[in-house]
Amino acid sequence: MEVLIIEDEPQAAQRLDTLVKKLVPGIVVLDKIDSVKRSVEWIKGNPPPDLIFMDIQLADGISFQVFEQCEVKSPVIFTTAYDEYALKAFKVNSIDYILKPVDSDELEMAMKKYHQLTTSEKKTHVVLNNIEQAIQMLTKRYKSRFIIKVGEHLRSVEVTEISFFVSIEKATFCYTNDGRKYILDFTLDQLEGLLDPEKFFRINRKYIVSSGCIRDMISYTNSRLKLVLKQATDTDIIVARERVQEFRDWLDR
């Protein structure tokens, strides 16, 4: 079995080297690399190893940049001292991560998971797809502003200024915290992929709302919720029944 270690702290790299060789007799550590640049060069110039141990924070950037610059064909076990990365990116079942300093028991569990998940070429392909999904989850950038045409002028509206989005007669509008209304060149379906889901929630086919714009919530028929939104004149804003529980969970984060 051949592995590659991508780690910018020499002591951490050596510790991982020692632990993995003790855990898997005969394992070959092909190289220990400390930067995004060198990792990309190595991966492009060598056959893929059986497994890569990859620290998230490297000497010249975030290791996810490696995936943007070359095709990684090996399963990856991430090592990180930053638990928030793990919480955000590694909810995907087929990826493992180890918090530093690396513990031998955790390493053993991660290696067992690796062997279970890569017993066939098909399973290895699934692992690689899931790694890509996790990278996208962590590196995805949401819109921070919209450029809006107002008459002959253009105005930049920060997303933090927006209370909610609404679709009216096939047109999409945003309402700002100061009560202004602007038309947008996006559908609500498009906006769902552009807005941070931590800050905005689509309650039904017509509305995407921010938590800060909700003035009141009222129990409604058929287990639904009726909302009263700041700046809204519509008195019939209903959270779709199939979205009520998810909406409550979103508010309770």
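Refer to the preceding data block for the structure.
Scope of this entry: the structure provided in the associated data block. (Residues numbered from 1 in each chain as written. Predicted model: local features only at pLDDT ≥ 70, side-chain atom pairs only at ≥ 80, totals over all residues. Heavy atoms only, no water.)

### A look at the pattern of salt bridges
Scanning the model with the defined rule gives 10 salt bridges in all. For D17, the salt bridge identified is with K21, shortest N-O distance 3.1 Å. Of this pair, D17 and K21 both sit in helix 1 (residues 10–23), four residues apart, which is roughly one turn of the helix. The exposure class of D17 is buried, given its relative accessible area of 5%. The salt bridge partner of K199 is D196, with a shortest N-O separation of 3.1 Å. What you see here is one network of salt bridges that share partners, running through D17, K21 and K32. (Salt bridge = Lys/Arg side-chain N within 4 Å of Asp/Glu carboxyl O. Helix = DSSP H or I, 4+ residues; strand = E, 2+ residues; numbered from the N terminus. Buried < 20%, exposed > 50% of the residue type's maximum accessible area, 1.4 Å probe, protein only.)

### Notes on helix 8 (residues 244–251)
Regarding helix 8, the residues found buried are V244, F247 and W250. Down the axis of helix 8, the smallest arc covering the buried residues is 120°, so these residues share one side. On the buried face of helix 8, the contacting elements are strand 13 (200–202), strand 14 (207–210), strand 15 (214–220), strand 16 (224–229) and strand 17 (237–239). (Arc of directions from axis to C-beta. Contact = heavy atoms within 4.5 Å.)

### Digging into the packing of aromatic side chains
In this structure the tally under the stated criterion is nine aromatic pairs. One aromatic cluster is present, formed by F146, F165, F186 and F200 through successive ring pairs. Just above the ring of F146 sits the side chain of K143; from NZ or CZ to the centre is 5.1 Å. Positioned over the ring face of F173 is K181, at 4.5 Å from the centre of the ring. (Phe/Tyr/Trp six-rings, centres within 6.5 Å; stacked < 30°, edge-to-face > 60°. Lys NZ or Arg CZ within 6 Å of the ring centre and 35° of its normal.)

### What about the sheet that holds strand 14?
Taken in spatial order, the five strands make up an open sheet running 12-11-10-14-13, and their pairing is antiparallel. Edge strands, defined here as strands with exactly one partner in the open sheet, are strand 12 (181–184) and strand 13. The mean angle between the axes of side-by-side strands here comes to 20°, regardless of whether they run parallel or antiparallel. As judged from the six bridges shared by strand 10 (residues 162–168) and strand 11 (residues 171–176), these two strands associate in the antiparallel manner. Paired with F165 across the bridge in strand 11 is C174. Of the strands in this sheet, strand 13 and strand 14 are in contact with helix 8, which crosses strand 13 at around 175°. (Pairing = 2+ DSSP bridges. Axes fitted to C-alpha atoms, helices over the stretch in contact; angles between N-to-C directions.)

### Comments concerning the nonpolar core
Counting residues in hydrophobic clusters, the biggest one holds 18 residues, and the most contacted among them are F164, I203, Y207, V209, L227, L229 and F247. Look past the residues within four positions of F247 in its chain and what remains in contact with it is F201, I203, V209, I214, M217, L225, L227 and V239. (Core = buried A, V, L, I, M, F, W, Y, C linked by side-chain atoms within 4.5 Å.)

### Some details on the side chain of S63
Within the secondary structure, S63 is located in the loop between strand 5 (61–62) and helix 3 (64–69). We classify S63 as buried; its relative accessible area is 0%.

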